[in-house]
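Letter by letter, the chains look like this.
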Amino acid sequence: MNNIFTEYLERNGWEEVSPCSYKNQNFGSEIFFDTSNQIEIYASDQRRVGSYYLKDVEDLIEIVKNIDQFGR
């Protein structure tokens, strides 16, 4: 999967750990792409903590900026 969202993640230190799933070693959370524009966020203990629809890359930037707060 390669689109503006995954390209943003890869440019910012996220790596694909399985198909459609990205993780950054600085965060315990994982981002899973259900579709090209819909994501789920999982905490480090694999609990699903949110689901979001991305309209544009700015939506993803805002989520990544606050991802350390997910799962608390």
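Details of the structure are given in the entry above.
Described in the following lines is the structure provided in the data block. (Residues numbered from 1 in each chain as written. Predicted model: local features only at pLDDT ≥ 70, side-chain atom pairs only at ≥ 80, totals over all residues. Heavy atoms only, no water.)

Take the overall build of the protein next. Within the protein, the secondary structure is distributed over two helices and five strands. Scaling as 2.2 N^0.38, a compact globule of 72 residues should have a C-alpha radius of gyration of about 11 Å, and the protein matches this with 11 Å. Dimensions of the protein, computed from the C-alpha atoms along their principal axes, are close to 30 × 20 × 20 Å. A sequence separation of at least 24 residues applies to 29% of the contacts in the protein between residues at least 6 apart. Summed over all atoms, the accessible surface of the protein reaches about 4,300 Å², with 44% contributed by carbon and sulfur. If you average the places of the 7 positive and of the 13 negative side-chain charges in the protein, the two averages end up 7 Å apart. (Helix = DSSP H or I, 4+ residues; strand = E, 2+ residues; numbered from the N terminus. Rg over C-alpha atoms; globule rule 2.2 N^0.38 Å. Contact = heavy atoms within 4.5 Å. Areas by Shrake-Rupley, 256 points an atom, 1.4 Å probe, with all protein chains shown as cover. Lys, Arg positive; Asp, Glu negative; His and termini not counted. Charge placed at Lys NZ, Arg CZ, Asp CG, Glu CD.)

This brings us to the side chain of Glu 40. Locating Glu 40 in the fold gives a position in strand β4 (residues 38–42). Engagement of the side chain of Glu 40 in a polar contact is seen with the side chain of Tyr 42, the distance being 2.4 Å. At a separation of 3.4 Å, a polar atom in the side chain of Glu 40 contacts the side chain of Arg 48. Those residues in contact with Glu 40 that sit more than four places away from it in its chain are Glu 30, Ile 31, Phe 32, Asp 34, Arg 48, Gly 50 and Ser 51. (Polar contact = N/O pair within 3.5 Å; in protein donor to acceptor, adjacent residues only side chain to side chain.)

If you walk through the whole model with that rule in mind, you get three salt bridges. Where Glu 40 meets Arg 48, a salt bridge forms, and the shortest distance between an N and an O atom there is 3.4 Å. Residue Glu 40 is classed as buried on the basis of its relative accessible area of 12%. Asp 45 serves as the salt-bridge partner of Arg 47, at 2.8 Å between the closest nitrogen and oxygen. Relative accessible area serves as the criterion here: at 39%, Arg 47 is assigned to the partly exposed category. Take Asp 45: its relative accessible area is 48%, and that puts it in the partly exposed class. (Salt bridge = Lys/Arg side-chain N within 4 Å of Asp/Glu carboxyl O. Buried < 20%, exposed > 50% of the residue type's maximum accessible area, 1.4 Å probe, protein only.)

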